[in-house]
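Residue-level listing of the chains:
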Amino acid sequence: MNDLLTYALVGLAIIAGLILGWFYMQTYTVSGYVMNFNGQPINNAEIVFGGNYSSVYTNDQGYWVKSGLKGKVVVGVVMTGWRFTPPITVNENRSNVDFFGIQQRVMTIFPVGQKPRDILIDPQNGKGYVTVSGENSVDVFDLNNYNILSKISVGMTPWGIVLDKNNGKIYVSNFGGNTITVIDEKSDKVVSNIKVGNEPLGIAIDEKTDMIYVANNLDNTVSVIDGKTNKVLETVNVGRSPSDIVVNEKDNIIYITNSGNDTVSVLNGATSMVMNTLKVGMNPAAITINPENGMVYVLNIYEGTISVIDGFNVIKTIDLKKGVDNIAFDPLVNAIYVTDSNDNALIFINAQTGSIVKKLSVGTKPFGIAIGPNDEIYISNYGNSTISVIN
């Protein structure tokens with residue numbers, strides 16, 4: 001009797017498992033439309049799915065469809081220059097997974113000090129920072145109302161600025177003073193100055209290793225600073241006139257643009273040795289990175305192009321125009337932003353296709369680019385001493 005009961009229970013368990021497996025193996029299809037808030041269709045919007053599902057794109061009517069989904073899947077939409085209603089979770093056949101979008105535009109412009117350069121956004125403390133090269137200072141502004149909270153005196157001709165979340169310190173490269181000013185994030189007070197090479201420009205941090213890297217333009221070197229001690233550990237020779245730096249934290253690799261000889265030096269973060277030197281376009285003055293896949297984008301300002309680097313290889317060149325100055329990557333929408341000082345505009349580029357989506361007028365001679373916690377874009381306008389906020 002016990003054996004019969006055991007066999008029956010095992011049989012029921014097998015049947016239940018088969019039913020459950022059949023349920024989870026069943027696929028379903030979802031579809032919908034992407035429109036603006038006036039009900040007009042948005043063509044070529046990318047529909048993205050959680051898991052390992054490939055994207056699909058909307059047609060001329062804003063319609064999209066995706067088959068072969070299993071279980072719960074999060075569905076969203078991204079498109080350079082647009083913001084959309086939140087993602088939707090699906091787990092069965094649906095034909096009404098619709099999204100509505102609005103184009104980004106300049107929401108406000110507020111004044112800062114003379115000749116603003118780089119921007120840092122600190123959402124945890126609700127503050128933004130901009131290096132003011134014409135006043136040898138850093139302006140601190142409120143992210144809610146954009147009022148200037150304080151003005152911090154730093155070294156001569158401040159340029160780049162980064163935040164070390166490990167120690168709560170902000171680092172400012174002073175191009176004219178050959179120093180790095182260290183500011184306490186909480187008090188906005190200067191706590192120290194670090195001597196580096198001549199004419200420091202670009203600055204970047206590896207938050208995993210707590211190392212800060214500074215491009216010394218006149219010396220053709222990079223200073224490596226330990227964020228734990230604020231001491232220069234070593235100085236590394238790179239190409240001619242290094243100007244900007246990004247860090248691939250996943251692989252502990254540092255990329256440095258050398259504007260004097262049209263190359264990018266690739267540095268091993270573990271050994272501080274140059275692993276490779278890549279030839280790019282003319283006068284590579286700015287650089288950015290996709291933190292998710294490590295793709296690097298180098299802005300060659302003399303010829304107006306972007307060199308796309310995957311690891312140690314230049315895989316593509318995106319043609320723009322002369323007059324471009326700075327570059328940033330927005331991982332939320334897979335977009336590249338480039339400031340255009342000739343047209344006083346921000347260029348929106350689809351990173352996947354390399355195509356220009358649109359240009360948006362900002363202030364005079366735009367330069368610095370930063371992305372806020374709600375994916376708003378901050379642009380420092382060097383020519384008229386303002387910051388444009390795009391949302």
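Procedures and definitions
- Residues numbered from 1 in each chain as written.
- Predicted model: local features only at pLDDT ≥ 70, side-chain atom pairs only at ≥ 80, totals over all residues.
- Heavy atoms only, no water.
- Phe/Tyr/Trp six-rings, centres within 6.5 Å; stacked < 30°, edge-to-face > 60°.
- Helix = DSSP H or I, 4+ residues; strand = E, 2+ residues; numbered from the N terminus.
- Buried < 20%, exposed > 50% of the residue type's maximum accessible area, 1.4 Å probe, protein only.
- Polar contact = N/O pair within 3.5 Å; in protein donor to acceptor, adjacent residues only side chain to side chain.
- Salt bridge = Lys/Arg side-chain N within 4 Å of Asp/Glu carboxyl O.
- Pairing = 2+ DSSP bridges.
- Axes fitted to C-alpha atoms, helices over the stretch in contact; angles between N-to-C directions.
- Contact = heavy atoms within 4.5 Å.

(A) Geometry of the packing of aromatic side chains. Summed over the entire model, instances satisfying the criterion amount to twelve aromatic pairs. Measuring from ring centre to ring centre gives 5.9 Å for tryptophan 159 and phenylalanine 367, while their planes differ by 85°; the resulting arrangement is edge-to-face. Taken together, the positions of tryptophan 159 in strand 14 (residues 158-164) and phenylalanine 367 in strand 34 (residues 366-371) put the pair 208 residues apart, joining distant regions of the chain. Their ring planes at 75° and their centres at 5.2 Å tell us that tyrosine 337 and phenylalanine 348 sit as a pair that is edge-to-face. Of the two residues, tyrosine 337 sits in strand 31 (residues 335-340) while phenylalanine 348 sits in strand 32 (residues 345-350), which places them eleven residues apart along the sequence. We classify phenylalanine 348 as buried; its relative accessible area is 0%. By the ring-pair criterion, three or more aromatic residues cluster together here, those being Phe110, Phe141, Tyr146 and Tyr378.

(B) View of the side chain of asparagine 174. In this structure, asparagine 174 sits in strand 15 (residues 169-174). A polar atom in the side chain of asparagine 174 sits 3.2 Å from the backbone nitrogen of glycine 155.

(C) Representation of the pattern of salt bridges. The final tally for this structure, using the stated rule, is ten salt bridges. Put simply, aspartate 340 and lysine 321 hold a salt bridge, and the shortest N to O gap is 3.6 Å. You can see aspartate 340 sitting in strand 31 and its partner lysine 321 sitting in the loop between strand 29 (313-319) and strand 30 (324-330), a full 19 residues away along the chain. Exposure remark for aspartate 340: the relative accessible area of 0% places this residue in the buried category.

(D) How the structure looks around unusual backbone geometry. Phi at asparagine 44 takes a positive value of approximately 65°, unusual for a residue other than glycine. Overall, asparagine 44 belongs to the partly exposed group, its relative accessible area being 44%. The backbone phi angle of asparagine 136 is positive, close to 55°, even though this residue is not glycine. Here asparagine 136 is to be found in the loop between strand 11 (127-132) and strand 12 (137-142). Residue classification places asparagine 136 among the partly exposed positions, given a relative accessible area of 30%.

(E) Up close: the sheet that holds strand 36 (residues 386-390). Read from one edge to the other, the open sheet built from four strands follows the order 9-36-35-34, with strand pairing classed as antiparallel. The sheet terminates laterally at strand 9 (106-111) and strand 34, the two strands that pair on one side only. Put simply, the sheet's adjacent strands are angled 20° from each other on average, direction ignored. In the sheet, strand 9 pairs with strand 36 via five bridges, with the strands oriented antiparallel. The residue of strand 36 that forms the bridge with proline 111 is threonine 386.

(F) Representation of the environment of asparagine 342 within the structure. Within the secondary structure, asparagine 342 sits in the loop between strand 31 and strand 32. Residues asparagine 342 and phenylalanine 175, 167 residues apart in the sequence, show an inter-C-alpha distance of 24 Å. Beyond its immediate stretch of four places on either side in the chain, asparagine 342 contacts Lys321, Lys322 and Gly323.

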